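What the coordinates show
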Amino acid sequence: MIYVNQAGYSEKSKKHATITSSSHYKLLSADGRTVKEGDIALSYDENCEQEAGIIDFSDVTEAGTYYFTDAEGNKSCSFAIGNNHYDEALRASMKMFYFQRCGMELEEKYAGRFKRKACHLTDAFDLLNPERKIKMRGGWHDAGDFGRYVTAAAVALGHLLYGFELEKKELDIDINIPESGGIYPDILAECKYELDWMLQMQEEDGGVHHKATSMNFCDFIMPSDDELPITATPVSSLATADFAAVMMLAARVYKEYDEEYAGVMKAAALKSWKWLVENPSFVFENPKEVLTGTYADRCDADERFWAAAEVYRSEKDKDAGFYIFEMMELKLNMTALGWSDVGGFASLCIFMAGVEVFGRDLYNRIKLKWMDEADRLKALSQSSAFGLTLRPREFTWGSNMVVLTNAMILCYAYELSNDRSYLDAAEYQLDYLFGRNAMDVSYVTGIGEKAFRDPHNRPGIADGIDDPIPGFVSGGPNYRPSDEAANLKNMADRPAMCRYADDKLSYSTNEITIYWNSPLVFVLGYIKSRGGYR
Ligand code: 9MR
Ligand code: ZN
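Right, let's walk through the structure included here. (Residues numbered from 1 in each chain as written. Chains lettered and ligands numbered in written order. Predicted model: local features only at pLDDT ≥ 70, side-chain atom pairs only at ≥ 80, totals over all residues. Heavy atoms only, no water.)

The subject of this paragraph is the coordination of the zinc ion (ligand 2). For the zinc ion (ligand 2), the protein coordination sphere consists of C102 (SG), C119 (SG), H120 (ND1) and H141 (NE2), at 1.9 to 2.4 Å. What the 4 donor atoms of the zinc ion (ligand 2) show is an angle range of 103 to 117 degrees at the metal, which sorts the shape as tetrahedral. Counting the intervening residues between successive donors of the zinc ion (ligand 2) yields the motif C-x16-C-H-x20-H. Residue C102 is located in the loop between α1 (87-99) and α2 (108-111), and its partner H120 is located in the loop between α2 and β9 (124-126); the two are separated by 18 residues in the primary sequence. When sorted by exposure, C102 lands in the same class as H120, which is buried. (Donors = N, O, S within 2.8 Å, 3.2 Å for Na, K, Ca; no water. Tetrahedral: all angles 85-135°; square planar, octahedral: opposite > 155°, others 65-115°. Helix = DSSP H or I, 4+ residues; strand = E, 2+ residues; numbered from the N terminus. Buried < 20%, exposed > 50% of the residue type's maximum accessible area, 1.4 Å probe, protein only.)

In structure tokens, the structure reads:
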């Protein structure tokens, strides 16, 4: 078999495909003309438990449509070579957030055949004091369920807003949402929909509720048919710190478009920051009676660090400066960009602020950690026939997020070093996502010849439309699949890279979430701009 990036390759980029089982390949143009052929030495790949090798066809630069065949006559997916090959993927993956909107109708002129009615228009009740109502409208559904969770939201916004801060031009595109053509670039209008919801999760004293969900997951119904009451679970230091960080970040990014809104967010951030200073211990308890996602975490030092970095960057606040100094001794993971470990966001904040703000010493210490991790990832990628940065056990629930946040680390390593090999390794992560993997599947709906089709996503399941909504990233292979659908397929007997089912019931391998899409937006924007392919 031969596996390719089904979204295509640009004319000048490094172009790799992966071949397994036979060593001879032919590259053909769509009309059947052989463009290139050769033999590839194979070696054992631990992720697919097969012999595999790399076909390097970077020298083929002519725009067009191509496919491979191997010695056994297997045909690969077809793919294009041409610049702008990621335009559609970027537009669709950014539009995904619109399709997650809660609390408003998705009209046909924006949502096409995926239009749907408004959902979840009632207030939430305070779990600790059920008589008390909390106004609760808007925001994005987290995933295939309709919950809204603050730490997950903050992380998605972190990917999107740092991505925008870094690369405004490529990410300022029209995605046809109700706010298009207004005062904000579309990406910021979309993020505002989530920020506005988050602001409602903050209490008067600055503490922020961990999540707003029903007591248990609803059936596979349209969101507008879900009438389960929504509860706001208790304040956590995790949510409060992530909230402070992301509001501070957003206040800075939105300032040039809307000073007033930026002011509201900054004030909210500082209120939460004050709460954090006054409540130095870890606060989080998952209420056992609320059976939706937990987003449990045992350490809030990294969340506090991120908040401190953002507050210090804007305010030069003394407490924040002291926090940063203290936290540096904790040996936190300073490259993590997922919902439980957020140290990488603090690093991005510090890098983008520059040595002038945080001082050369801190900047360099963090840069060293970042480049160490980027080197580890680059070495893994270079030793993998798939160009991939994961080892078998790193295919965790949502492994595609790890692939994409690894790509973010590699992108920023390129930003820091100007060494092209980091950017190449980042691109290989996209190759994997779009089909250069042993499942031969593109993990983004609507993009590529064999794009996955059956995400675990309630609206997509209940809408009666055969096609999936485009632009959604699947969680991907899971080394420890834990759903019934996966168990029925004896998935745990397969190689790590193949523990995946394109099955709407397989929530542990094929769900979708906002924070699996957001790093894709970051990476596509960065690569489109720095790749120099235009
Ligand atoms: O993405 C989360 C993953 O890292 C965890 O292993 C998993 C189990 O706790 O939960 C995932 O998050 C889910 C959340 O709890 C509820 N909404 C859907 C999320 C994606 O599956
Ligand atoms: Zn809703």
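Next, the rest of the story.
Locating Y526 in the fold gives a position in helix α18 (residues 514-530). Residue contacts for Y526: discarding those within four places in its chain leaves L166, C411, Y414, E415, L423 and G531. Reaching out from Y526, the side chain makes a polar contact with the side chain of E415 at a distance of 2.4 Å. (Contact = heavy atoms within 4.5 Å. Polar contact = N/O pair within 3.5 Å; in protein donor to acceptor, adjacent residues only side chain to side chain.)

The next point concerns the packing of helix α13 (residues 399-417) against helix α14 (residues 420-433). Contact pair α13 / α14: the axes reach a minimum separation of 7 Å and the direction vectors enclose 160 degrees. In this view, α13 runs roughly antiparallel relative to α14, as classed from their interaxial angle. For the pair α13 and α14, the sense of crossing is left-handed. Contact residues: N400, V403, L404, A407, L410, C411, A413, Y414 and S417 in α13; R420, Y422, L423, A425, A426, Q429, L430, Y432 and L433 in α14. When the residues that make up the contact of α13 with α14 are grouped by side-chain class, the tally is 14 nonpolar, 3 polar and 1 charged. (Axes fitted to C-alpha atoms, helices over the stretch in contact; angles between N-to-C directions. Parallel < 35°, antiparallel > 145°, perpendicular 65-115°, else oblique. Left-handed = near helix turned anticlockwise from the far one by under 90°. Nonpolar A, V, L, I, M, F, W, Y, C, P; charged D, E, K, R; others polar.)

Time to look at empty space enclosed by the protein. Inspection of the entire model under this criterion finds 4 cavities of 30 Å³ or more. Contributing elements (two or more residues each) for the lining of the largest cavity: β11 (148-149) and β12 (211-213). Tallied by class, residues from the lining of the largest cavity come to 6 nonpolar, 5 polar and 4 charged. What lines the second largest cavity is simply N84, H85, Y86, I527, K528, Y533 and R534. Of the residues that constitute the lining of the second largest cavity, the class distribution is 3 nonpolar, 2 polar and 2 charged. (1 Å grid on protein atoms, 1.4 Å probe; cavity = no way out; pocket = protein on both sides within 12 Å on 5 of 7 lines; lining within 4 Å. Points joined across faces, edges and corners; volume = space filled by probe spheres on them.)

This part is about the side chain of D186. Of note, D186 is situated in helix α5 (residues 186-200). No salt bridge forms around the buried D186; measuring N to O, its nearest opposite-charge neighbour K95 is 8.2 Å away. At 2.8 Å, the side chain of D186 and the backbone nitrogen of I175 are in polar contact. Look past the residues within four positions of D186 in its chain and what remains in contact with it is I173, D174, I175, N176, I177, S180 and G181. (Lys, Arg positive; Asp, Glu negative; His and termini not counted. Salt bridge = Lys/Arg side-chain N within 4 Å of Asp/Glu carboxyl O.)

Glancing now at the sheet that holds strand β1 (residues 2-3). Strands sit in the order β1-β2-β6-β5 across an open sheet of 4 strands; the sheet is antiparallel. If you trace the sheet from one side to the other, it starts and ends with β1 and β5 (43-45), each paired once. Of the pairings in the sheet, the one linking β1 to strand β2 (residues 16-20) comprises 2 bridges and is antiparallel in character. Across the sheet, the residue bridging to Y3 is T18, located in β2. (Pairing = 2+ DSSP bridges.)

What follows covers the pattern of salt bridges. Pairs may arise between side chains of opposite charge once their charged atoms sit close together. All told, the structure shown has 34 salt bridges when counted by the stated rule. For K109, the salt bridge identified is with E107, shortest N-O distance 3.6 Å. Relative accessible area serves as the criterion here: at 31%, E107 is assigned to the partly exposed category. Residue R420 is joined to D424 by a salt bridge in which the shortest nitrogen-to-oxygen separation is 3.9 Å. Here R420 pairs with D424, and both are found in helix α14, just 4 residues apart, close to one helical turn. Residue classification places D424 among the buried residues on the basis of a relative accessible area of 9%. Bridged by salt links that share partners, the residues R113, R453, D466 and D467 form one connected network.

For the coordinates displayed, the defined rule picks out 30 aromatic pairs. Taken together, a centroid distance of 5.6 Å and an interplanar angle of 70 degrees make the contact between Y184 and Y254 edge-to-face. On the criterion of sequence distance, the pair formed by Y184 in the loop between α4 (168-171) and α5 and Y254 in helix α6 (residues 237-254) is long-range, its members being 70 residues apart. In terms of burial, Y184 and Y254 fall into one category: buried. One Lys or Arg, K192, reaches over the ring of Y261 and ends 4.5 Å from the middle of that ring. The ring of Y422 has K378 lying over it, and the distance from NZ or CZ to the ring centre is 4.1 Å. (Phe/Tyr/Trp six-rings, centres within 6.5 Å; stacked < 30°, edge-to-face > 60°. Lys NZ or Arg CZ within 6 Å of the ring centre and 35° of its normal.)

Below, the discussion takes up the environment of R365. Relative to the helices and strands, R365 resides in helix α12 (residues 360-383). Looking at R365, the relative accessible area reads 34%, which means it is partly exposed. A sequence separation of 37 residues divides R365 from M328, and the C-alpha atoms of the two residues are 9.3 Å apart. Apart from residues lying up to four places away in sequence, R365 is in contact with M328 and E329.

When its volume is computed, the largest pocket comes out at roughly 980 Å³. What lines the largest pocket is a set of 40 residues, among which W339, W397, G398, Y515 and W516 lie closest to the centre. Of all the elements in the fold, those that place two or more residues in the lining of the largest pocket are α12, α13 and α18. The element that contributes the greatest number of residues to the lining of the largest pocket is α13, accounting for 5 residues.

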